[in-house]
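Observations on the three-dimensional arrangement
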Amino acid sequence: MAEPNRKWYTGMTTQEDWWAVWLGVGFFFLAMVNIFGLDLVGWMTYPTKWVFSPPEGGKGAIGGAFYALGKKYSATSKGFYSGLGWWSVVWSYVIFGAAACIGAAFMRWNLKKFLAGWTIIYFLTIATWFIGHHGFIAASKLDMEKYGLGFALSLGGGGSFILALIVGLVIGNFFRGFAGYLSEAAKPEWYIKTAIVTLGVKLGYLPIKLSGMSQQLGEQATTLTFDLFVAGAAATIVAYLIFWPGVYVISRKIFKLPRKTAAVLGSGISICGVSAAVATGGAVRAKPVVSIMVSALVVIWAVIELVVLPGFFTHVWPTTKDPLVAGAAMGMSVKTDGADAAAGELMDSFMRNKVEVETAGATVWPEGIVTSSAVMTKVWIDMFIGLWAFILALVWVYRIDRRPGERVPGSEVWHRFPKFVLGYFFCWLFLLALYFGPGQTGAPEAAPFLKSVKAGAVPVEKGMRKLFFMLTFMSLGIITDFKKLKEAQFGKMIWVYFIALFLFIIPVAILIAYLFHHGMKIPNIAGF
Amino acid sequence: MLLECTIRHDGANWVVEHGTNSISAPTLEELDRGMERYLKEEGLLKAGEKAQVFMAFDNSTIPQWIRQYSQHYFNRIVEVKG
């Protein structure tokens, strides 16, 4: 029997949501030991662009295609980590694998199956990460000559994400037996929630990083992250008030769906996919099968959005003119955390490449800000789910069903609260406290201290975050079986979803994102 | 009096389990009436008394692949009068 949520602390050692916090914050603390002069995270692996035949004096030898981040960023152990090279892939496999296995054991998963799945998914991910960093795929038009190339697709890190998703989808749709074998470790939501916790590190580290270039840039970055935080909240509240009633009315009036199905579908399409569909199903006391059907639809459509929207937002509208509008709109349009963060990360890569090429290198954006804007709106949406479901439960229990004697416990809000968000905010605020406190807002006197923070933060916000994003793309593909759409008797629900999403949710999301994010500028770090 | 139980859905009925005993019904209204009968028959609720039944949802009803997105369906509190 799966554990019921009885007490406020139920699930702290047995639920993925909490384990995303333990993994993310655990490695973050390990990273912060750097402040005391000990680098325990420099082994985290990271890829770099490579070619089969690097030009003389140029870049891109295969031997250096993976390196330990400590080689570049460690303040105390550069020599040791420089020697790891490709071995950093094995170090990362062992250490992250051990941590993931501890989580899997606490969550009472089949450990043998998990380890086998983790091993295969990890090395497939590394293989696609490697291929995706071939100069032909990843090099920008501005630096392709350094690799001896006359042409490059210029996809940046985005090429690896696309490849991972394609490989995952091939396994999920053409090798279903194999996908089933991997299923114990194909957990996109766990991986993305962990990655989102490390995105909190990225957000907190951004002012520290930019203050290393100039103190003014650091201050700009701090202001921008606060602006994103406030604008994300405002946009989310407006979106809730427009999206949910809109989809509910479409479902009821046009498609004549029953009230409870319309409510669950309304939350699934308009708020935050599976979590909201399950929360609303529970709130209106629907039979679980309704939430399960809507969830299956959400997962499939989210992957379709992940494929379509990053390219659309980058090249059609709002493009590089309003990258943060695009990010926020992504957060409101893509309906699972995994697909949204993955789409944001993909678009981040596309946008940075595009703006660099468009301006011939005069504009360079720090990586991760577009992703942060996509995740910020989603995080707010996630946090509001519990409250929204609680309101719906009150309306249903006291006004619609009116069952005598039934009461809605207030603890429902907490049980539905996305716990990984706590890790995200914790890491962000911890680093901000270091920046404003001993970091003296990036003043030159605090440079040695900030350098030690950087040595710890970079492997987590760069190496661990990207690896978990890659694992998300791969796992998302593995668990996405398009045959489900054909097999299941979704009937009208597929059309409600299609019409509501593309003709209502996405256009309105862009509009709301525009209202709250238009004009926000990403700091230009060209020349630093 | 507070009685702690678990609730799940078996595909056709809502099922409440209290220790080794279980009550099932296709709708929550019927389930609550069944609960009231059970409490009286077991002598757990006497005339004029009030009991609160806390029903914690057993998450095994939700498939494993969905639990990674959401780990909570609902908990109910039902007040029953004897």
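Residues numbered from 1 in each chain as written. Chains lettered and ligands numbered in written order. Predicted model: local features only at pLDDT ≥ 70, side-chain atom pairs only at ≥ 80, totals over all residues. Heavy atoms only, no water.

What about helix α15 (residues 369–400) of chain A?
Residues and elements named next belong to chain A. Across its 32 residues, α15 extends 44 Å between first and last C-alpha, which sits within 8% of the 46 Å expected from 1.5 Å per residue. Remark: the principal bend of α15, roughly 35°, maps to Ile385. Two residues or fewer after α15 comes Arg402, characterised by a positive phi angle close to 45°. (Helix = DSSP H or I, 4+ residues; strand = E, 2+ residues; numbered from the N terminus. Expected span 1.5 Å × (residues − 1). Bend = angle between axes of the 7 residues up to and from the residue.)

Some remarks on the packing of helix α9 (residues 188–211) of chain A against helix α18 (residues 447–479) of chain A
The geometry of a pair of packed helices is captured by two quantities: the angle between their axes and the separation between those axes. Residue and element names in this part refer to chain A. At a closest axis distance of 8 Å, the pairing of α9 and α18 adopts a crossing angle of 150°. Of the possible angle classes, the one that applies to α9 and α18 is roughly antiparallel. Crossing hand, α9 versus α18: left-handed. Of the residues in the contact of α9 with α18, the class split is 19 nonpolar, five polar and four charged. (Axes fitted to C-alpha atoms, helices over the stretch in contact; angles between N-to-C directions. Parallel < 35°, antiparallel > 145°, perpendicular 65-115°, else oblique. Left-handed = near helix turned anticlockwise from the far one by under 90°. Nonpolar A, V, L, I, M, F, W, Y, C, P; charged D, E, K, R; others polar.)

Structural notes on the packing of aromatic side chains
Aromatic ring pairs: the centre-centre distance and the angle between the two ring planes describe each pair. Residue and element names in this part refer to chain A. Scanning the model with the defined rule gives 62 aromatic pairs over all chains in all. A centroid spacing of 6.3 Å and a plane angle of 50° characterise the contact between Phe114 and Trp190, whose relative ring orientation is tilted. One end of the pair, Phe114, is in helix α5 (residues 111–132); the other, Trp190, is in helix α9, with 76 residues separating them in the sequence. The pair formed by Phe114 and Trp190 is uniform in burial state, with each residue classed as buried. One aromatic cluster in this structure is built from Phe27, Trp43, Tyr93, Phe96, Trp109, Phe114, Trp118, Tyr122, Phe123, Trp190, Tyr191 and Phe468. Positioned above the aromatic ring of Trp109, the side-chain terminus of Lys187 is 4.4 Å from the ring centre. Note that Lys419 overlies the ring of Trp414, its terminal NZ or CZ placed 4.9 Å from the centroid. (Phe/Tyr/Trp six-rings, centres within 6.5 Å; stacked < 30°, edge-to-face > 60°. Buried < 20%, exposed > 50% of the residue type's maximum accessible area, 1.4 Å probe, protein only. Lys NZ or Arg CZ within 6 Å of the ring centre and 35° of its normal.)

Here we look at the pairing of strand β4 (residues 50–57) of chain B
Residues and elements named next belong to chain B. With six of eight residues buried, β4 is to be regarded as a mostly interior element. Summarising the sheet, strand β1 (residues 2–9) and β4 pair through six bridges and their orientation is parallel. When the sheet's bridge partners are listed, Ile7 is paired in β4 with Phe57. Alignment of β4 against strand β5 (residues 75–81), held across seven bridges, turns out to be antiparallel. Looking at β5, one finds that Val53 is bridged to Val78. (Pairing = 2+ DSSP bridges.)

Considering the sheet that holds β1(B)
As summarised here, the arrangement of the six strands in space is β3(A)-β5(B)-β4(B)-β1(B)-β2(B)-β3(B), forming an open sheet in which the pairing is mixed. The open sheet terminates on both sides in strands that have one partner only, identified here as β3 (406–407) of chain A together with β3 (21–25) of chain B.

Describing unusual backbone geometry
Residues and elements named next belong to chain A. Cis rather than trans, the peptide bond between Trp317 and Pro318 has omega equal to 10°. Tracing the sequence through the fold places Pro318 in the loop between α12 (288–315) and α13 (323–333). For Ser154, which is not glycine, the phi dihedral falls at a positive 60°. Note that Ser154 resides in the loop between α6 (135–138) and α7 (158–174). Look at Ser154 and you get buried, because its relative accessible area is 12%. Of note, Gln440 is a non-glycine position whose phi angle comes to about 50°, a positive value. With respect to the helices and strands, Gln440 occurs in the loop between α17 (420–436) and α18. Judged by its relative accessible area of 37%, Gln440 is partly exposed.

Quick word on the interface of chain A and chain B
In this complex, chain A contributes 41 residues to the contact, which on the side of chain B involves 34 residues. Approximately 3400 Å² of surface area, both sides summed, lies buried where chain A meets chain B, with 55% of it carried by carbon and sulfur atoms. Contact with chain B buries area across many residues of chain A, yet Arg6(A), Pro288(A) and Arg407(A) alone supply 17% of it, more than any other trio. Connecting chain A to chain B are three salt bridges. Between Arg6(A) and Glu4(B) there is a salt bridge whose closest N-O contact spans 2.6 Å. The interface formed by chain A and chain B includes 16 residue pairs in polar contact (both at pLDDT 80 or more). For the side of chain A that touches chain B, the secondary-structure elements that each account for two or more residues are α1 (16–32), α9, α11 (259–283), α12, β3 and α16 (411–415) of chain A. (Contact = heavy atoms within 4.5 Å. Buried area = accessible area lost by both parts, 1.4 Å probe. Salt bridge = Lys/Arg side-chain N within 4 Å of Asp/Glu carboxyl O. Polar contact = N/O pair within 3.5 Å; in protein donor to acceptor, adjacent residues only side chain to side chain.)

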